[in-house]
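Close look at the chain arrangement
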Amino acid sequence: MDNHVVLAGFGGQGVLFAGKIMAYAGLMEDKNVSWLPSYGPEMRGGTANCSVCLSKDPIGSPLVLAPDLLIAMNLPSYEKFIDAVAPGGIAVVDSSLVDQRTSRTDITCCYVPATTLADKKGLKGLANMILLGKALEQTKFASWDAVEQAVLKCIPPKKQHLAQPNLEAIKLGMSL
Amino acid sequence: MAVVYERPKALLDVPTHYCPGCTHGIIHKLVAQVIDELGIEGKTIGIAPVGCAVMAYDYFACDMVEAAHGRAPAIATGIKRSLPDSVVFTYQGDGDLAAIGTAETVHSATRGENITIIFVNNGIYGMTGGQMAPTTLPGMVTQTTPYGRDVSIAGFPVRVCEMLSTLSGVAYAERVAVDAVPNILKAKAAIKKAFTCQIEKKGFSIVEVLSTCPTNWGMTPVEAMQWLRDNMMPYYPLGVYVDKTEKGVRP
Amino acid sequence: MDSKQKVLMKGNEALAEAAIQAGCHHFFGYPITPQTEVAAYMAKRLPKIGGTYLQAESEVAAINMVYGAAAAGVRAMTSSSSPGISLKSEGISYMAASDLPCLIVNVQRGSPGLGGIQPSQADYWQATRAPGHGDLHILVFAPASIQEMVDMVFKAFELADTYRMPAMIFADGMLGQMMEPVVFPEKEVKQFDKFSWATCGHQGKRKHNIVNSLILQPDELERLVVERFKRYEVVKANHTECEEYLLDDAEYVIVAYGATSRIAKSAINAARDKGIKVGLIRPKTLWPYPSGVVAKAAEHAKAFMSVEMSMGQMVDDVRLAVNGKVPVYFFGHTGGIVPTPFEVLEQIEKMAGGAL
């Protein structure tokens, strides 16, 4: 199945990184993949988002306007994208930072208190991975093996000690 | 019979297009003599400007590039960074170097590029027929300052050596003149020192040469020389402005 | 980097890596969004391999440094985005006139003026009509994916050296910023002996070389320009490239390049599902332009539509090639707005329904 994903949040929450892991996981499974970040002034402290596509076919527009998966890590991102989610799609929302609930009934919305959980479980700063785990569990965008390989690929050689906590956070998300 | 004086090999035996009494010929000769004496013609690349010396590429025997107006130091940078062991010089006039090419001049200097600039300052745009240059003196009459340069309208002349001497990348900056034999000999020594500074990779070097433009100044060559001494030299004092050729500019 | 393995790379970075692998070790640039990663990548990599990365004082200086490096006989490049390319146009004209090879990258952004920073294709006229003043052309490559961007960098350098003319990679903010998988070709880089014309020092082995664009005799200047245009004809005959997609039975033809062509393709697939016989011509080179392919398609197509991120620039070339045989329509967005497949599909349906 193809995935058209939007990941959005504050700069520094790791939405671009989480998107990169998704794209790499797709690549590990020999899919066509694309990753397109928002760029410009919003990169520096404001909201950041990226579009990720995984597909068996060549990817047309890498810009995702109607995501079948949305990961929203803050209120502005939730407000901006929740109505864009394609009918039948899935939204994974960090409910520690988003206190709203959608009235849409044509999508599945998972509210995960990822930031609070991350702090509690000694995984500070890895709310993005918890949400990614939840998204993985919901959409099966890739196999666990592919995701594991992707994490190892995306973390630079000098920071490989961070791989384990990242994987743990994804597993935690999957278990929720 | 012993030959005591001849055309330097680095200056080709071709007619030049310069006006009678123009000092470009002297300056060309000095540069060529230095190239000969240092034995560097085969690894030297010169960059001609836009201005009266635009066709200098036909006169020097080394490889030559013709630059867009003011861009010679950028081109010199590109060449030098590609061929670090070559010797690269630009030959530029005042409009080229201190007006349209000010950014290129200042930044190649502050980067400490290992290039040599021969800067010919005659206070006027020669090739286009005598308009105001950035170095035109206050009160000086040109085609575009018909009532004399009014500094309240046209601003003040740029003193290039003084300006560049504030930059850390400059290893050598000297102002010379070619109005008479003793100064011509000093000019040659300065040019040789600048080239040597480059060969030893000490940093950016510039020799500013005060020169005349009898045609556009509206004087005979002899009058022009005297005018240079009476008017240019007081405003643009001769001398060494920077000399870091011992240690170089880099830490 | 294991070149056999696919890696996920940003367009700007893949482009820079491709240039290095193609033997370009001299980069002169100036920061501007959305191409800055090209410079940043070069700044990181080139010092480690004995190359030169230099941040110039301006775009004007950067292109002239490229001019100097190219004159000295090395592979050199610069990269910028729309407003910066305008500043480089002086140097581009001089390089074309001096028969110097180089690579110029334009990662286009919304314009005119300072414009915006989102993707655009509004520099088409500039790239294909007037990259600088005077009678001249440069090679213009329009990649539609990161892999194609990489492949085109190799080709651009080789053709630039072969025909001694500047080449341009004509991308946009989307291609520059997005990541896709790429494989770097394990290719021998063809070496060119430039001693016969480069200003690299004559070493006492030949007459002095002059790299110059000042020709005061009109008849001589005309002769040289005409000669250069003969070379352009050889380039046109041998190096015009385009992709034809579902064209054989197409009644309607979309013409689109670069990022826009991907969107058009999605729309075409959707239109085919609805039974509309529509195909795509995707120019890969914008100069030379695949006019022949467009003209041939005009013999059986009912209508054409050029889809661009501009107010309609390439549509001129489509119209020239179609030569009045059938209607040529235009659809696009400008200012940094990327057309959606849905919008393009709507236009295709209108065209097929005779509603345009």
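Before going into details, it helps to say that this report is about the structure given with it.

Here is what the cut-offs are and how they apply
Residues numbered from 1 in each chain as written. Chains lettered and ligands numbered in written order. Predicted model: local features only at pLDDT ≥ 70, side-chain atom pairs only at ≥ 80, totals over all residues. Heavy atoms only, no water. Helix = DSSP H or I, 4+ residues; strand = E, 2+ residues; numbered from the N terminus. Buried < 20%, exposed > 50% of the residue type's maximum accessible area, 1.4 Å probe, protein only. Contact = heavy atoms within 4.5 Å. Pairing = 2+ DSSP bridges. Axes fitted to C-alpha atoms, helices over the stretch in contact; angles between N-to-C directions. Buried area = accessible area lost by both parts, 1.4 Å probe. Salt bridge = Lys/Arg side-chain N within 4 Å of Asp/Glu carboxyl O. Polar contact = N/O pair within 3.5 Å; in protein donor to acceptor, adjacent residues only side chain to side chain. Nonpolar A, V, L, I, M, F, W, Y, C, P; charged D, E, K, R; others polar. Disulfide = S-S within 2.5 Å. Expected span 1.5 Å × (residues − 1). Parallel < 35°, antiparallel > 145°, perpendicular 65-115°, else oblique. Left-handed = near helix turned anticlockwise from the far one by under 90°.

1. Some remarks on the environment of A32 of chain B
All names here are of chain B. Counting through the fold element by element, A32 comes out in helix 1 (residues 24-38). Residue A32 is classed as buried on the basis of its relative accessible area, which comes to 0%. For the pair A32 and L12, spaced 20 residues apart in sequence, the C-alpha separation works out to 9.2 Å. Not counting the four nearest positions on each side in its chain, A32 is found in contact with P8, A10, L11 and F60.

2. Regarding the sheet that holds strand 3 (residues 87-93) of chain B
With respect to topology, 8 strands assemble into an open sheet ordered 9(B)-7(B)-8(B)-4(B)-3(B)-1(B)-2(B)-9(C), the strand pairing being mixed. Two strands bound the open sheet, and with one partner strand each, they are strand 9 (239-243) of chain B together with strand 9 (210-211) of chain C. As defined by bridge partners, strand 1 (residues 44-48) of chain B adjoins strand 3 of chain B across 4 bridges and the pair is classed as parallel. Of the residues in strand 3 of chain B, the one forming a bridge with I47 of chain B is T90 of chain B. Contacts between helix 7 (residues 181-199) of chain B and the sheet are confined to strand 3, strand 4 (116-121), strand 7 (170-177), strand 8 (204-210) and strand 9 of chain B, with strand 7 of chain B contributing the most and set at about 165° to the helix. The sheet strands contacting helix 9 (residues 221-235) of chain B are strand 4, strand 7 and strand 8 of chain B, and the helix crosses strand 8 of chain B at an angle near 140°.

3. Considering the interface of chain C and chain B
At the junction of the two partners, chain C supplies 33 residues and chain B supplies 34 residues. Across the interface of chain C and chain B, roughly 2400 Å² is buried in total on both sides, 60% from carbon and sulfur atoms. Among the residues of chain C in contact with chain B, E57, H202 and H208 of chain C are the three that bury the most area, contributing 22% of the side total. Taken together, the links from chain C to chain B amount to 3 salt bridges. R111 of chain B is paired through a salt bridge with E57 of chain C; the nearest N and O atoms lie 2.9 Å apart. Applying the counting rule to chain C against chain B returns 19 residue pairs in polar contact (both at pLDDT 80 or more). Those elements that provide at least two residues to the side of chain C that touches chain B are strand 2 (26-29), strand 3 (52-55), helix 3 (59-71), helix 4 (82-97) and strand 9 of chain C. Of all the elements, helix 3 of chain C adds the most residues to the side of chain C that touches chain B, at 8 residues. Its residues assigned to classes, the side of chain C that touches chain B shows 17 nonpolar, 12 polar and 4 charged. Summarising the sheet, strand 2 (residues 63-66) of chain B and strand 9 of chain C pair through 2 bridges and their orientation is parallel.

4. Observations regarding the pairing of strand 7 (residues 166-172) of chain C
All names here are of chain C. Here strand 7 lies mainly inside the structure; 7 of its 7 residues are buried. Burial along strand 7 is two-sided: the face carrying P166, M168, F170 and D172 and the face carrying A167, I169 and A171 are both buried. Relative to strand 7, strand 5 (residues 102-108) runs parallel, the two sharing 7 bridges. Residue pairing in the sheet places V105 in a bridge with I169 of strand 7. With 3 bridges joining them, strand 6 (residues 139-141) and strand 7 adopt parallel strand pairing. If you follow L139 over to strand 7, its bridge partner there is A167.

5. Some points on the state of the cysteines
Enumeration over the complete set of coordinates arrives at 0 disulfides over all chains. With no disulfide of its own, C50 of chain A lies 10 Å from the sulfur of C53 of chain A, the closest cysteine sulfur. With no disulfide of its own, C52 of chain B has C213 of chain B as its nearest cysteine by sulfur position, at a separation of 6.0 Å.

6. Section: helix 4 (residues 127-139) of chain A
Residues and elements named next belong to chain A. With 13 residues, helix 4 should reach 18 Å at 1.5 Å per residue; the first-to-last C-alpha distance of 18 Å fits that figure. Counted residue by residue, helix 4 has 11 buried out of 13 residues, so it is predominantly covered. In the stretch just after helix 4, K140 is the one whose phi turns positive, near 50°.

7. Here's the deal with the interface of chain A and chain C
The interface of chain A with chain C comprises 19 residues on the first partner and 23 residues on the second. Taken together, the two surfaces of chain A and chain C that pack against each other cover about 1700 Å², and 69% of this comes from carbon and sulfur. Considering only the surface of chain A that becomes buried against chain C, L27, W35 and Y39 of chain A emerge as the three largest contributors, covering 35% of it. Applying the counting rule to chain A against chain C returns 0 salt bridges. Summed over the shared surface of chain A and chain C, the result is 6 residue pairs in polar contact (both at pLDDT 80 or more). Listing elements by their share of the side of chain A that touches chain C, those giving two or more residues are helix 1 (15-28) and strand 2 (32-37) of chain A. Broken down by element, the residue count for the side of chain A that touches chain C peaks at 5 residues, all from strand 2 of chain A. Taken together, the residues of the side of chain A that touches chain C sort by class into 13 nonpolar, 4 polar and 2 charged.

8. A short note on the packing of helix 1 of chain A against helix 4 of chain A
Residue and element names in this part refer to chain A. With their axes 9 Å apart at the nearest point, helix 1 and helix 4 run at an angle of 40° to one another. One element, helix 1, and the other, helix 4, form an angle in the oblique class. The crossing of helix 1 and helix 4 is right-handed. Two secondary-structure elements touch here, helix 1 through F17, A18, I21 and M22 and helix 4 through N128, M129 and L132.

9. Some thoughts on the pairing of strand 14 (residues 303-308) of chain C
Residues and elements named next belong to chain C. The element strand 14 is largely enclosed, with a buried count of 6 among its 6 residues. With burial as the criterion, each face of strand 14 is covered, one bearing A303, M305 and V307 and the other bearing F304, S306 and E308. Inspection of the sheet shows strand 11 (residues 252-255) paired to strand 14 by 4 bridges, in the parallel sense. Bridged to I254 within strand 14 is M305. Pairing analysis gives 5 bridges linking strand 14 to strand 15 (residues 328-332), with the strands arranged parallel. Pairing of S306 across the sheet is with F330, part of strand 15.

10. Notes on the sheet that holds strand 10 (residues 242-245) of chain C
Residues and elements named next belong to chain C. Taken in spatial order, the 5 strands of this open sheet run 10-12-11-14-15, and their pairing is mixed. The open sheet is flanked by strand 10 and strand 15, the only strands paired with a single partner. Geometrically, the sheet is characterised by an average inter-axis angle of 20° between neighbouring strands, direction not taken into account. Across 4 bridges, strand 10 lies against strand 12 (residues 278-283) in antiparallel orientation. Counterpart to E243 in the pairing with strand 12 is R282. In this fold helix 11 (residues 315-322) packs onto strand 11, strand 14 and strand 15, with an angle of close to 165° to the strand it touches most, strand 15. Its contacts with the sheet put helix 12 (residues 341-352) on strand 11, strand 12, strand 14 and strand 15, and the angle it makes with strand 14 is roughly 165°.

Treat this as a map of the structure, not an account of what it does.
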